[in-house]
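# Working through the structure, step by step
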Amino acid sequence: MRRLIKGGTLVDHRGCYRQDLLIEQGRIARRASEIAIEPDMAVIDAGGCQVMPGGIDVHTHFNIDVGIGRSCDDFFTGTRAAACGGTTTIVDHMGFGPAGCDLHHQLARYHEYAGGQAVIDYSFHGVIQHVDDAILDEMASMVTQEGVSSFKLYLTYQYKLDDGAVLRALQRLRQVGALATVHPENDAAIRWQRDIFLREGRTAPVYHALSRPLACEAEAVARMINLASLAGGAPLYIVHLSNGLGLDYIRLAQRAGQAVWAETCPQYLLLDDSLYLRPDGMQFILSPPLRPREEQDALWRGLADGSIATVATDHCNFSRQQRLTLSGGDFSRCPNGLPGVENRLALLYSGGVASGRLTPSQFVALTSARPAQLFGLWPQKGNLNPGADADLVLFDPRRSVTLRHEAMHDNGDYSPYEGMTCRGWPVLTLCRGEIVCRDGVFSGQRGHGRFVRRQPFRATAGADSF
C-alpha cells in the first residue's frame, strides 16, 4: 500500500518544510510541496501537525534480570509502549550474563527475547563484563558480523571494570569501529557512603540519593574522558547524565576536540530529589538518582547549546509491588530504574519545544537524528529523505494531555510522571510505513519489528548535526 501524508509540516534536524510525503513499500519515496492523490493511495491528513522522523530511544532495558528480579516489560510490552509514544526504533542495553561469558552469549539470548515479539525495529548494545584477550579479539566480529557497533562499560555494579580494563577496552573498541558507552559512577565512594548509612539503619529512599551524590558521577565522567584520551582518542558516549558538573567536564573535552557525546533523560530534566521524601519515594529509585532541582537548568542549557547530544529514557520498569516486596523498605535492596519509554517524546516536546527552550529541529536532532548518526542507523533511520525507512510520528502541537498510567501501554502499574500535562502530543506513529498507533490506540503487530544491523561507528557520520 502507498500512503500519502498531506497538509502537514515536515520537520527534520535541519528545518521545517510545508511538504507532502509519499510512502512506498515501507520507505519514503518522495517529498514535495504538492503531491497529487492517486486512486491506490491511502491518504493521511496531517493538517496542523508536524511530521517528524520516528523517535529512536538508544537506552532501554527490556526483559532485564538484575539479579534480584526481572523487569516487568518484555520486548512486546516495552516496544508497544514505545510505539504509542512515537518511538519507532530502540537500542536495548543487554543485561549481564553468567560470569565469564563471552560477548556473543548475551546477544544470542537477547535475540531470543526480542525475535517475534518486538512491534518496532530494534538493536542491541554489547555488554562488557570482563576484559581479557579473548574478549578483545571477539569485539571485531560483533561489529562486522553481528551489526553491534556499541558496547556498554560499567564503573559500578557487579561487573564493574577497573581503569586498566577500561583502557584496554577503549583502545580495542576504537580499533574495531565501535562506540564505548559508559555508566559513570565512582563505585568505591558509593559503597563507602552506603555502608555507613546501612550500619546506622538509614534505609529510607532519600539515602539512596545521598549515597550517590553528583560528585561520584562527575568524577567518573572526568576519569572516563581522560582514559579515552589515553586510549588514543577513543570515542566516548556518556549515558544518563544527571548533573551540571559532569556536563562541565564534557564541554571542556568537546572544546578540546575530543570525541565525547552525552545523553540525558526526561527524569533528570523534570523530576528532582524531593520525590525521595514522599511516602512512595521507593518508586523513584534509579541510578544515578534524581538530583536537586537546580541541576535541571544546566541540563536544559546543554540540550539547547548542543553539548548534550541525545535524550533517551533508560527505561527499566519495575512495578510498585516488585519494589516494595524486593526492598522491604531498604533502598539498597530496591531494583533500580524508571519507566518512561512511552512518554519521552511528549515530555521533551512539552518541556522543550512548547516552552521555547528548543526548536522543533533541535527536538528531532536530540530524539532521532543524532541517535541514528551516533549508533550506526543513519541514513536508514532518523531522517525524512527518500530511501529512508518510513518511520514517522505526527505531532499535534495544539493538543494537551495529562499523563495517566491507566492510558499507557507498558506492563507496569505506575508512571513517575503521573498528573503532568504535556503540551503537544504524538497522534500517529508509523514503523516502516505501517500504522502502529493512532490517537493512543495500539494497532501494531507482535513481531513486526526487525533487528537492525548497525554500521561501524564513524565520528564523521552526520557531523554537521553534532
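Treat the numbers as computed from the prediction; the structure is a model and nothing was measured.

Enumeration according to the criterion identifies 19 aromatic pairs in this entry. An angle of 70° between the planes, with centres 5.0 Å apart, marks the rings of phenylalanine 96 and tyrosine 159 as edge-to-face. Of this pair, phenylalanine 96 sits in the loop between strand S9 (87–93) and helix H2 (103–114) while tyrosine 159 sits in the loop between strand S11 (150–154) and helix H4 (163–176), placing them 63 residues apart in sequence. Judged by relative accessible area, which is 25%, phenylalanine 96 ranks as partly exposed. Judged by its relative accessible area of 14%, tyrosine 159 falls in the buried class. Seen in terms of ring centroids, phenylalanine 197 and tyrosine 207 are 4.9 Å apart; in terms of plane orientation they differ by 55°. Their pairing is tilted. With a gap of ten residues between them, phenylalanine 197 in helix H5 (residues 187–199) and tyrosine 207 in helix H6 (residues 206–211) connect regions that are remote in the sequence. The residues phenylalanine 197 and tyrosine 207 share a single accessibility class, namely buried. These aromatic residues form a ring-pair network of at least three members: Phe62, Phe75, Tyr110, Tyr113, Tyr122, Phe124 and Phe451. Lying over the aromatic face of tyrosine 17, arginine 31 brings its terminal NZ or CZ to 4.8 Å of the ring centre. The cationic tip of arginine 357 hangs over the ring face of tryptophan 300; the distance from NZ or CZ to the ring centre is 4.4 Å.

Taking strand neighbours across the sheet as the criterion, the seven strands line up as S3-S2-S7-S16-S17-S18-S19 in an open arrangement whose pairing is mixed. Two strands lie at the open edges of the sheet, namely strand S3 (16–17) and strand S19 (441–442), each paired on one side alone. Inspection of the sheet shows strand S2 (residues 9–11) paired to S3 by two bridges, in the antiparallel sense. When the bridges of S3 are listed, valine 11 appears paired with cysteine 16. Each of strand S7 (50–53), strand S16 (392–402) and strand S17 (421–431) touches helix H12 (residues 344–354); the most contacted strand, S17, lies at about 130° to it.

The UniProt record marks Lys152 with the feature "modified residue: N6-carboxylysine" (unreviewed entry), using the residue numbering of this structure. Checked against the element boundaries, lysine 152 lands in strand S11. Excluding residues within four positions of it along the chain, lysine 152 makes contact with His59, His61, His93, Gly126, Val127, Ile128, Thr181, Val182, His183 and Val239.

We now examine unusual backbone geometry. With omega at -5°, the peptide bond leading from serine 287 into proline 288 counts as cis. Position of proline 288 relative to the elements: it lies in the loop between helix H9 (266–270) and helix H10 (294–305). Residue proline 379 is bonded to the preceding tryptophan 378 through a cis peptide linkage, with omega at 5°. With respect to the element layout, proline 379 can be found in the loop between helix H13 (360–374) and S16. Of note, tyrosine 157 is a non-glycine position whose phi angle comes to about 75°, a positive value. By secondary structure assignment, the location of tyrosine 157 is in the loop between S11 and H4.

It is possible for side chains bearing opposite charge to pair when their charged atoms get close. In total, this model carries 28 salt bridges according to the counting rule given. With a closest N to O distance of 3.7 Å, arginine 70 and aspartate 65 form a salt bridge. Of the charged contacts in the structure, one is a salt bridge between aspartate 248 and arginine 251, with a shortest N-O distance of 3.8 Å. Placement of both aspartate 248 and arginine 251 in helix H8 (residues 244–255) is noted, with a separation of three residues, approximately one turn of the helix. The exposure class assigned to arginine 251 is buried, which follows from its relative accessible area of 15%. Residues joined by salt bridges that share partners form a network here, namely Arg27, Asp121, Lys381, Asp389, Asp391 and Arg432.

Now for the pairing of S11. Across the five residues of S11, five count as buried, placing the element largely inside the fold. Across the two faces of S11 the burial is the same, with Ser150, Lys152 and Tyr154 and Phe151 and Leu153 all buried. By the bridge criterion, two bridges tie strand S10 (residues 121–127) to S11 in an arrangement that is parallel. Each bridged residue has a counterpart across the sheet, and for glycine 126 the counterpart in S11 is phenylalanine 151.

On to the sheet that holds S10. Strand-to-strand pairing in sheets goes through backbone hydrogen bonds, with the strands running parallel or antiparallel. Strand order in this open sheet of eight strands is S8-S9-S10-S11-S12-S13-S14-S15, and the pairing throughout is parallel. Both edges of this open sheet fall to strand S8 (55–60) and strand S15 (310–311), since each of them pairs with a single strand only. Of the strands in this sheet, S8, strand S12 (179–183), strand S13 (236–238), strand S14 (260–264) and S15 are in contact with H13, which crosses S8 at around 65°.

Turning our attention to the packing of H8 against H10. Their axes nearest at 9 Å, the elements H8 and H10 cross at an angle of 30°. Considered as vectors, H8 and H10 are oriented roughly parallel to each other. The segment H8 lies against H10, with Gly244, Leu245, Leu247 and Arg251 engaging Glu295, Ala298, Arg301, Gly302 and Asp305. Its residues assigned to classes, the contact of H8 with H10 comprises three nonpolar, two polar and four charged.

As a further point, take the environment of aspartate 40. By the secondary structure assignment, aspartate 40 is in the loop between strand S5 (27–32) and strand S6 (41–45). Engagement of the side chain of aspartate 40 in a polar contact is seen with the side chain of arginine 2, the distance being 2.7 Å.

Here is what the cut-offs are and how they apply
- Residues numbered from 1 in each chain as written.
- Predicted model: local features only at pLDDT ≥ 70, side-chain atom pairs only at ≥ 80, totals over all residues.
- Heavy atoms only, no water.
- Phe/Tyr/Trp six-rings, centres within 6.5 Å; stacked < 30°, edge-to-face > 60°.
- Helix = DSSP H or I, 4+ residues; strand = E, 2+ residues; numbered from the N terminus.
- Buried < 20%, exposed > 50% of the residue type's maximum accessible area, 1.4 Å probe, protein only.
- Lys NZ or Arg CZ within 6 Å of the ring centre and 35° of its normal.
- Pairing = 2+ DSSP bridges.
- Contact = heavy atoms within 4.5 Å.
- Axes fitted to C-alpha atoms, helices over the stretch in contact; angles between N-to-C directions.
- UniProt positions renumbered as here; feature names shortened; annotations may be inferred.
- Salt bridge = Lys/Arg side-chain N within 4 Å of Asp/Glu carboxyl O.
- Parallel < 35°, antiparallel > 145°, perpendicular 65-115°, else oblique.
- Nonpolar A, V, L, I, M, F, W, Y, C, P; charged D, E, K, R; others polar.
- Polar contact = N/O pair within 3.5 Å; in protein donor to acceptor, adjacent residues only side chain to side chain.

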